[in-house]
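Analysis of the macromolecular model
If you want the building blocks of each chain, they are given just below.
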Amino acid sequence: MSHQIFGESESIFGYKDLRVELYYSAAKLTTYLNVKYSSKISPEKFDGIYADDIRKAIAEKIPPGFMTSLDDFIATLAKDATFKPFGEMLHSYKVERDGKDRQFEIYKTNIDEPGFREYHERLQTFVLWYIDAASYIDVDDDKWQFYLIFEKYITNGNPMYAIAGYMTMYNYYAYPDQIRPRISQVLILPPFQKQGHCAQLLETFYKDCYRRPEVLDITAEDPSENFQRVRDFVDAKNCFLLPSFKPEALLRGFSQQMIYEAQQKLKINKRQARRVYEILRLYATDESKPEEVRSYRLDLKKGL
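Residues numbered from 1 in each chain as written. Predicted model: local features only at pLDDT ≥ 70, side-chain atom pairs only at ≥ 80, totals over all residues. Heavy atoms only, no water.

1. Examining the overall build of the protein chain
Formally: Numbering of helices and strands starts at the N terminus; helices are DSSP runs of H or I of at least 4 residues and strands are runs of E of at least 2. Think of it in three bands: residues with accessible area under 20% of the maximum for their type are buried, residues over 50% are exposed, and the middle band is partly exposed, with areas taken using a 1.4 Å probe on protein chains only. Note on contacts: a residue pair qualifies if any of its non-hydrogen atoms lie within 4.5 Å across the two residues.
Looking only at helices and strands, the protein chain has 11 helices and 10 strands in total. Its C-alpha atoms give the protein chain principal-axis dimensions of about 75 × 50 × 50 Å. Per-residue burial for the protein chain yields a buried fraction of 44% across its 304 residues. Sequence-distant contacts in the protein chain: of pairs separated by 6 or more residues, those separated by 24 or more amount to 61%.

This is the structure we're talking about:
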């Protein structure tokens, strides 16, 4: 997604053997920026043509205070040992990788949490590299809430943390006296992808909403295909436990009871409830029976 820094062509002009180094420490997200190259175009030799100012382009997108000395950056890494996650821990779980259990924790916080505003300034820079058409949010609006995933591990007997991903959510007003949380940005960092973390994050967020009577239902802002697949999986798994989504009920068609139960018990909006119904209806359809398959196809057309 470097086009959000360097333009649609995603190219950098004027260098040979270019290497751009942008490092973050795992916990505090202390940042290091450096640009290496073997040679650079000279404006004196090329009619006043200058090489792209890489450092300036990146510095405009990351908060000030980043380091340019690798030795200084390495010296700060020991400070990660003192880092503690922000906010309230909502959930902890384990993921098995390479025959070992790895511990993860999910926290909920807001921008007023001491130190989090500065931390979020560094954290949000990841969206420019990994989420297409991403933009920074207005954190001065107190309706934003944040959910963060950290890996917790032990080094020299001390617990330490590494950021694995995060989600932003905005509490929209819903008439007359409720709110409609909207998921805005969801990012699982590349080293932690395809391990089930997004589903864990979404489930934790849902459960946090279930206990809030003021929540009407949950929406998502322009979800990507990857996120929608995870959302469908989690919602389908949860809806399958509801009486109105049992196989015999699914074969009778989409009903008002499904809409009501999905919203009242799972805070799922009508549009998503219909989507989940179609997924579970296919699951309940015996594809060896032509009439059931035909009924399913006709039902899908009615929903278009």
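2. Let's talk about the packing of aromatic side chains
Quick reminder of the rule: Aromatic rings from Phe, Tyr and Trp, taking only the six-membered ring of Trp, are treated as a pair when their centres fall within 6.5 Å; an angle between ring planes under 30 degrees marks them as stacked, one over 60 as edge-to-face, and anything in between as tilted. Two thresholds decide whether a charge sits over a ring: the Lys NZ or Arg CZ must be within 6 Å of the ring centre and within 35 degrees of the ring normal.
Throughout the structure, instances matching the rule amount to 23 aromatic pairs. Centroid distance Phe83 to Phe150: 5.6 Å. Interplanar angle 50°. Geometry classified as tilted. Taken together, the positions of Phe83 in the loop between helix H3 (70–76) and strand S5 (88–97) and Phe150 in strand S7 (residues 144–155) put the pair 67 residues apart, joining distant regions of the chain. Three or more aromatic residues joined by ring pairs form one cluster here, namely Phe83, Phe86, Tyr107, Phe116, Tyr119, Phe146, Phe150 and Tyr161. Sitting over the face of the ring of Tyr172, Arg182 holds its NZ or CZ atom 4.6 Å from the ring centroid. Positioned above the aromatic ring of Phe240, the side-chain terminus of Lys246 is 5.8 Å from the ring centre.

3. Notes on the pattern of salt bridges
In a structure, side chains of opposite charge can pair up when their charged atoms sit close to one another. Counted only if it meets this: The term salt bridge refers to a side-chain nitrogen of Lys or Arg lying within 4 Å of a carboxyl oxygen of Asp or Glu.
Overall, the coordinates contain 19 salt bridges when judged by the stated rule. The salt bridge partner of Glu21 is Lys36, with a shortest N-O separation of 3.5 Å. Remark: Lys36 occurs in strand S3 (residues 31–36) and Glu21 occurs in strand S2 (residues 19–24); sequence separation between them is 15 residues. Here Arg180 and Asp217 are joined by a salt bridge, their closest N and O atoms 2.5 Å apart. Highlighted residues: Arg180 in strand S9 (residues 178–188) and Asp217 in the loop between helix H6 (197–210) and strand S10 (219–220), separated in sequence by 37 residues. Asp217 gets classed as buried once you look at its relative accessible area, which sits at 4%. Connected via shared salt-bridge partners are Arg274, Glu278, Arg281, Asp299 and Lys302.

4. Considering the environment of Ile183
Structurally, Ile183 is set in strand S9. Through-space distance from the C-alpha of Ile183 to that of Thr219 is 6.3 Å; in sequence the pair is 36 residues apart. For Ile183, the residues in contact, after removing those within four places along its chain, are Met167, Thr168, Met169, Leu202, Phe205, Ile218, Thr219, Ala220, Glu221 and Phe227.

5. A short note on the sheet that holds S7
Test applied: At least two DSSP bridges between two strands are needed for those strands to be called paired. To obtain each axis, a line is fitted to C-alpha atoms, and for helices this fit is confined to the stretch in contact; angles are then taken between N-to-C directions over 0 to 180 degrees.
Strand order in the open sheet made by the 6 strands is S5-S6-S7-S8-S9-S10, with mixed pairing throughout. If you trace the sheet from one side to the other, it starts and ends with S5 and S10, each paired once. Those strands touched by helix H4 (residues 116–123) are strand S6 (100–109), S7 and strand S8 (158–174), and its axis lies near 85° from that of S7.

6. A few points about a nonpolar patch on the surface
We apply this condition: By definition, no residue in a patch forms a salt bridge, and every one has over 30% relative accessible area; like charges are joined within 9 Å, nonpolar side chains (Val, Leu, Ile, Met, Phe, Trp, Tyr) within 5 Å. Only the protein chains shown count as covering a residue, and every accessible area follows the Shrake-Rupley method with a 1.4 Å probe.
A contiguous nonpolar patch, built from Phe13, Phe46 and Ile49 and spanning about 280 Å² of accessible area, is present on the exposed surface. Along the chain, the position of Ile49 falls in the loop between strand S4 (39–40) and helix H2 (54–59).

7. Focus: unusual backbone geometry
Cis geometry marks the peptide bond from Tyr175 to Pro176; its omega dihedral reads 0°. Looking at the element boundaries, Pro176 is found in the loop between S8 and S9. Despite not being glycine, Asp17 shows a phi value in the positive range, around 55°. Along the chain, Asp17 falls in the loop between strand S1 (15–16) and S2. For Asp17, a relative accessible area of 57% puts it in the exposed group. Although it is not a glycine, Lys267 sits at a positive phi angle of roughly 60°. The class of Lys267 is buried, set by a relative accessible area of 10%.

8. Focus: the environment of Gly157
Mapped onto the fold, Gly157 is located in the loop between S7 and S8. With 126 residues separating them in the primary sequence, Gly157 and Tyr283 have C-alpha atoms 48 Å apart.

9. Regarding the side chain of Thr204
For Thr204, the position within the fold is in helix H6. With a relative accessible area of 7%, Thr204 lands in the buried category. In this view, Thr204 contacts Leu90, His91 and Ile106; residues no more than four positions away in its chain are not counted.

10. Details of the pairing of S8
Regular strands show a simple pattern: their side chains alternate between the two faces of the sheet. The buried fraction of S8 is high, at 13 of 17 residues. Bridging between S7 and S8 involves 12 bridges; their strand directions are antiparallel. Following the sheet pairing, Ile149 is matched in S8 by Gly165. Adjacent in sequence and paired antiparallel, S7 and S8 are bridged by 2 residues, among which Asn156 carries a positive phi angle near 55°.

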